[in-house]
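Observations on the model geometry
Here are the chains, one letter per residue:
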Amino acid sequence: MAESVIQARNLRKKYGDFQLCIPHLEIPKGFATALIGENGAGKTTLLNILSGVRLDFEGEVFYFGNQSQGLDGSVQERIGYTGTGGYFLPNWTVRQVGELNEMLFSRFHKERFESLCEEMGLGRSRSKSVKKLSDGNRVKLMLTAVLSRDTDLLILDEPASPLDPLMREQLCDRMRDYLDGGNGGRSIFFSTHNIADMENATDYCLIMEQGTIVEEGFVEDLKEKYVLVKGEAADAAQAGDILFSMNRGSYGFEGICPARDLERFAGMDVAVEIPTLSQICVSVMKKSRNSVQ
Amino acid sequence: MKFSLIKKKIKRYLVFTSFAYRIGVCIAAALLLAAGVFAGAFFEETGLICAAGLLTMAEVLSDYWLFFGLQAKEPQKMDFLRTSGFGMEVIRDAVMMDLLRKFLTALGILAAAYLLAGLSGGFLYMALASYAFSILGTFLSRYGGMFLANACIAQFAAAIVLVSLLCMSRTGLSQYRLAVSLLFAVIGMGASALTVAEGMRIVKGGYDDE
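Residues numbered from 1 in each chain as written. Chains lettered and ligands numbered in written order. Predicted model: local features only at pLDDT ≥ 70, side-chain atom pairs only at ≥ 80, totals over all residues. Heavy atoms only, no water.

**A closer look at the confidence of the model for chain A**
Residues at a pLDDT of 70 or more form 98% of chain A, whose mean pLDDT is 91. Element-level pLDDT for chain A is lowest in strand β11 (residues 245–249) of chain A, with a mean of 86, against a maximum mean of 97 in strand β6 (residues 153–156) of chain A. (pLDDT = per-residue confidence, 0-100. Helix = DSSP H or I, 4+ residues; strand = E, 2+ residues; numbered from the N terminus.)

**Quick look at unusual backbone geometry**
Residue and element names in this part refer to chain A. Backbone geometry places Asn-10, a non-glycine residue, at a positive phi of 50°. Summarising the element assignment, Asn-10 is placed in strand β1 (residues 4–15). At Phe-64, a position not held by glycine, the phi torsion is positive, near 55°. Position of Phe-64 relative to the elements: it lies in the loop between β4 (58–63) and α2 (73–77).

**Some points on the sheet that holds strand β12 (residues 252–258) of chain A**
Residue and element names in this part refer to chain A. With antiparallel pairing, the four strands of this open sheet are ordered in space as β11-β12-β10-β13. Sheet topology places β11 and β13 (270–273) at the edges, where each strand pairs with a single neighbour. When the angles between neighbouring strand axes are averaged without regard to direction, this sheet yields 20°. As judged from the four bridges shared by strand β10 (residues 226–231) and β13, these two strands associate in the antiparallel manner. Residue pairing across strands places Val-229 opposite Val-272, the latter belonging to β13. (Pairing = 2+ DSSP bridges. Axes fitted to C-alpha atoms, helices over the stretch in contact; angles between N-to-C directions.)

**Remarks on the domain arrangement of chain A**
Residue and element names in this part refer to chain A. Segmentation of chain A into domains returns domain 1 (4–218) and domain 2 (222–292). The partner domain 2 presents 13 residues to the 17 residues of domain 1 that form the contact. Taken together, both faces of the contact between domain 1 and domain 2 bury some 1200 Å²; the carbon and sulfur share is 65%. Salt-bridge contacts for Lys-223 lead to Glu-199; the nearest nitrogen and oxygen are separated by 2.5 Å. If you look at where domain 1 meets domain 2, you find six residue pairs in polar contact (both at pLDDT 80 or more). Elements supplying a minimum of two residues to the side of domain 1 that touches domain 2: β3 (32–37), α7 (195–198), β8 (204–209) and β9 (212–218). For the side of domain 1 that touches domain 2, the element with the highest residue contribution is β9, accounting for five residues. Looking at side-chain class alone, the side of domain 1 that touches domain 2 contains eight nonpolar, four polar and five charged residues. (Domains from an automatic or database assignment. Contact = heavy atoms within 4.5 Å. Buried area = accessible area lost by both parts, 1.4 Å probe. Salt bridge = Lys/Arg side-chain N within 4 Å of Asp/Glu carboxyl O. Polar contact = N/O pair within 3.5 Å; in protein donor to acceptor, adjacent residues only side chain to side chain. Nonpolar A, V, L, I, M, F, W, Y, C, P; charged D, E, K, R; others polar.)

**A look at the pattern of salt bridges**
Under the definition given, this model contains 30 salt bridges over all chains. A salt bridge links Asp-56 of chain A to Arg-54 of chain A, with the shortest nitrogen-to-oxygen separation between them at 3.4 Å. Arg-54 of chain A shares its class with Asp-56 of chain A; the two are buried. The partner of Asp-93 of chain B in a salt bridge is Lys-9 of chain B, with the nearest N and O atoms 3.0 Å apart. Remark: Lys-9 of chain B occurs in helix α1 (residues 2–14) and Asp-93 of chain B occurs in helix α4 (residues 87–116); sequence separation between them is 84 residues. With relative accessibility at 5%, the residue Asp-93 of chain B sits in the buried group. Salt bridges sharing common partners tie together Glu-59, Asp-63, Asp-98, Arg-101, Lys-102 and Arg-142 of chain B. (Buried < 20%, exposed > 50% of the residue type's maximum accessible area, 1.4 Å probe, protein only.)

**Re a negative patch on the surface**
There is a patch of like negative charges on the surface, built from Glu-169, Asp-173, Asp-177 and Asp-180 of chain A. Accessibility expressed as a relative area gives 54% for Glu-169 of chain A, which makes it exposed. (Patch = residues over 30% accessible without salt bridge, like charges linked within 9 Å, V, L, I, M, F, W, Y side chains within 5 Å. Areas by Shrake-Rupley, 256 points an atom, 1.4 Å probe, with all protein chains shown as cover. Lys, Arg positive; Asp, Glu negative; His and termini not counted. Charge placed at Lys NZ, Arg CZ, Asp CG, Glu CD.)

**Describing the nonpolar core**
Nonpolar side chains in soluble globular proteins generally cluster together in the buried interior. Leu-46 and Trp-92 of chain A together with Phe-16 and Ile-91 of chain B are the most contacted members of the largest nonpolar core, which has 108 residues in total. Shared between two domains, this core takes at least three residues from each, and those domains are domain 1 (4–218) and domain 2 (222–292) of chain A. Excluding its chain neighbours within four sequence positions, the residues that come into contact with Ile-91 of chain B are Phe-16, Phe-67, Leu-70, Met-78, Leu-81, Met-200 and Val-203 of chain B. (Core = buried A, V, L, I, M, F, W, Y, C linked by side-chain atoms within 4.5 Å.)

**Overview of the interface of chain B and chain A**
Each side of the interface is counted separately: chain B has 27 residues, and chain A has 26 residues. Carbon and sulfur atoms supply 59% of the area that chain B and chain A bury against each other, a total of about 2500 Å² over both sides. If you look at where chain B meets chain A, you find zero salt bridges. Summed over the shared surface of chain B and chain A, the result is seven residue pairs in polar contact (both at pLDDT 80 or more).

**Describing the sheet that holds β8 of chain A**
Either a parallel or an antiparallel arrangement is found when strands of a sheet pair, and the pairing is made through backbone hydrogen bonds. Residues and elements named next belong to chain A. On the basis of which strands lie adjacent, the open sheet formed by six strands has the order β5-β6-β7-β3-β8-β9 and mixed pairing. The open sheet has two edge strands with one neighbour each: β5 (79–82) and β9. Within the sheet, the average angular offset between the axes of one strand and its neighbour, ignoring direction, is 15°. The pairing of β5 with β6 spans four bridges and is parallel. Bridge assignment links Ile-79 to a residue of β6, and that residue is Leu-153. Together, β3, β6 and β7 (187–192) form the strand contacts of helix α6 (residues 165–181), whose direction differs from that of β7 by roughly 160°.

**Examining the side chain of Thr-192 of chain A**
All names here are of chain A. Tracing the backbone through its elements, the reader meets Thr-192 in strand β7. For Thr-192, a relative accessible area of 2% corresponds to the buried category. Reaching out from Thr-192, the side chain makes a polar contact with the backbone nitrogen of Asn-194 at a distance of 3.0 Å.

**Here's the deal with the packing of aromatic side chains**
Per the counting criterion, the structure on display carries 24 aromatic pairs over all chains. Ring geometry for Phe-42 of chain B versus Phe-43 of chain B: centroids 6.5 Å apart, planes at 45°, classification tilted. There is no split in this pair, since Phe-42 of chain B and Phe-43 of chain B are both exposed. Chaining the aromatic ring pairs together yields one cluster made of Tyr-81, Tyr-87, Phe-88, Trp-92 and Phe-105 of chain A together with Phe-16, Phe-67 and Phe-80 of chain B. The ring of Tyr-178 of chain A has Arg-186 of chain A sitting right over it, with the charged end atom 4.7 Å from the ring centre. (Phe/Tyr/Trp six-rings, centres within 6.5 Å; stacked < 30°, edge-to-face > 60°. Lys NZ or Arg CZ within 6 Å of the ring centre and 35° of its normal.)

Here's what the structure looks like:
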């Protein structure tokens, strides 16, 4: 793997019945890494740990390629984090969020914040309190705040979920611009449910299921590792044993399996296509869940 | 050096206050001062006691627009502050400066009203009573999530101030004014310490499972 921006070892965190357990984690430097998993898989817990918002976990986390660099104020200065839910106090106004950022982060640029507010459509909402903003505008405000700082890593928890399709596209563009502006020195780690919409912005992918990473790799590599197989309904039962998961219809079936298993379809009338990232993720998650059950 | 430190702390407090809040506090302070002078001139000590009660209510109510719900069990709302190495320091300074502002407001308004109304007999015990119960009220209301609860607590705190000061004034307890002032001061300091400690405990608690 390329140089890593975050390295973690033996991460463990327990909440009641749920346990986060990640023996080894590396986030590549210079890329946008998507963390994909179903609700309750542990995505937010992992992002909170890596961003320093939660400190009650076991294991080691190192930042920016330095094996002795744990999380401290200087590291937090280089990380921009956006969360979900009540990230800001509800009574804060958009203007106050800017003032607080200026106070909390030495590499915050007020002028950039002002112009990004305009670009994101928050220009007229400066006196509005956070609680009066729509969910989408709250995400825009969080993004505006982190993009107004000089950071080397963005950790974004579900940035796309409350956004409309147009804004999601803008988000992908901004993420690309952020990476391009760093000449390989900047990285993004984000969680998402909107795999299809965010595929354009994803270079590397981590698939999480029940508190652990079940698959990872660069998108291009994953698309070579897995194939989408389509076939006749008559072969569905036989193919079902090979495929991770299968969708059946009157036309026949389709499903994902590792490319190395293609020879097992010998004798069946099947067509092979390159799967989308969304199809790969859903199949891998289903496969992992089934193997646990 | 010390001046720049105080300036930094004031700035950290002011950043939590919106422009509307600042204007509102200034207007409320002017109105309370006018009410205090007017009531003091006509009803003497009783009038100033009423002003102290009003001041208590105004302080608890105004907290709704500042740190309301800070101690409620939703620590993730401070995630933003936890993303910076200075976050905890900033919130602690802001909460402490707010307490100092409340004390100076009570002292300033009642002292000015006392002097302008030409009263005698002292005002410090009233300022301490107002401060103590406004902080206790603020402490309790920060657990809440509704303005109505905040308003109830504000009225209750004002009623305690009114009753305790009127009792003192009307029952001959005024000879123990120094002792009662000390009691109010102790209550005020205890409530202040509790407010800072609990606020920080909740905000820091977000780092863990608390």
